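Overview (structure and organization)
What follows is the residue order along each chain.
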Amino acid sequence: MKPKVYITRRIPKEVVEKIGQLCEVRMWGEEDVPVPRQVLEEEIIEADGLFCLLTESIDESLISRAKNLKVISNMAVGYNNIDVDAATRRGIMVTNTPGVLTETTADLTFALLMATARRIVESTDYLRSGKWKTWSPMLLTGQDVYGATLGIIGMGRIGEAVAKRAKGFDMKVLYHNRNRKLEAEQTFDLEYADLQTLLKESDFVCVMTPYTPETRNLIGEKELSLMKKTAVLINTARGGIVNEQALYEALKNGTIWAAGLDVFEEEPIKPDHPLLKLPNVVMLPHIGSASIKTRTRMAEVAATNLLQALSNQTPEHLVNRELVNR
Ligand code: DGY
């Protein structure tokens, strides 16, 4: 009997076929609509493997319905949508897709930084609205990126890839992380700083840390007030790390200069989201890893993790490693 796998969204055909060679596959068929909770609650009962996205909340009440589940394979590097402890207690493996999206996400982080600093979106809107009358000395002037100080909060793979790009712009790079990264300090010429110092001294602050109970609202009113009035905040990690209400106030009152956001506390955001009304914010619909190549690679890696777990191997990207070290 082939193991039963449920896939919560349409993924590249080749990847479904690869899973289908070894498993009996069922898949939610609507392209841009998340699987309804009720459907997932039914499907998980008999599934041996779940292939899911960050849009699904795989919480304890869902996990507890599963009779045969061996693996939850998340097609993302972040797995804050999964109750990993609940899965571990039941001996269910949780896997993610690190590595393959590092460079693509760093590219997008830098694109957002540049777009925000140089007011790219605002300038395009200005043209579209027919306001451009003449070249003007101070028209749509922004902040310099080259030679500025970049503060990176969270020095994982993506943080390092952003630091590497910053070096090409002659930036001084500060970082803050739970543990010091001595090797990365040498390789990427980084300076460790406590959070307060980083916030005070940086011209650009990039939030790159995982989303955990400890990092929830890590950047709030107090932290924003420490930043320079000319500073730019970039978040391509998870929305909940930055307090959105505090950020809105800081952008509106000129506490900081601008923000570039790819992620939000609640996704998707509504068209009447207050931040959308501010000119000094560039906002994107969580597209950090969205290149064709990378999203395809993420689906492939998630499929490999899933198949490894279902054939009694240890998946390469196992999150709850304690299951194999028991
Ligand atoms: C992730 O993988 O966690 C990103 O947010 C989506 O690529």
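Here the structure is shown first, and the text comes after it.
Summarised in this report is the structure supplied together with it. (Residues numbered from 1 in each chain as written. Predicted model: local features only at pLDDT ≥ 70, side-chain atom pairs only at ≥ 80, totals over all residues. Heavy atoms only, no water.)

**Re the environment of Thr 8**
Short version of the rule: Note on conventions: DSSP H or I runs of at least 4 residues are helices, E runs of at least 2 residues are strands, and numbering of each starts at the N terminus. By the criterion applied in these results, polar contacts are pairs of N or O atoms within 3.5 Å in which, for protein atoms, one can donate a hydrogen and the other can accept it, and in which residues neighboring in sequence qualify only through two side-chain atoms.
Checked against the element boundaries, Thr 8 lands in the loop between β1 (4-7) and α1 (13-22). Sequence-wise, Thr 8 and Gly 156 are 148 residues apart; in three dimensions their C-alpha atoms are separated by 28 Å. Within the local environment of Thr 8, its side chain forms a polar contact with the side chain of Glu 56, the two groups lying 2.7 Å apart.

**Overview of helix α5 (residues 102-117)**
The condition is simple: Here, expected helix span is obtained from the residue count minus one, scaled by 1.5 Å. In this scheme, a residue with accessible area under 20% of its type's maximum is buried, one over 50% is exposed, and one in between is partly exposed, where area comes from a 1.4 Å probe on protein chains only.
Over its 16 residues, α5 extends 22 Å from the first C-alpha to the last, a length consistent with the 22 Å expected when each residue adds 1.5 Å. The element α5 is largely enclosed, with a buried count of 12 among its 16 residues. After α5 finishes, the residue Arg 119 shows a positive phi value of roughly 55°.

**Description of the sheet that holds strand β5 (residues 93-95)**
For clarity, the threshold we go by: Strand pairing requires that DSSP identify at least two bridges connecting the strands. Only the stretch in contact is used when a helix axis is fitted, and all axes are lines through C-alpha atoms; the angle between N-to-C directions ranges over 0 to 180 degrees.
A sheet is described by the order of its strands in space; here 5 strands give the open sequence β2-β1-β3-β4-β5, paired in parallel fashion. In this open sheet, the two strands that pair with only one neighbour each are β2 (24-27) and β5. Ignoring which end each strand starts from, the neighbouring axes of this sheet average 15° apart. Across 3 bridges, β1 lies against strand β3 (residues 49-52) in parallel orientation. Directly across from Ile 7, in β3, lies its bridge partner Phe 51.

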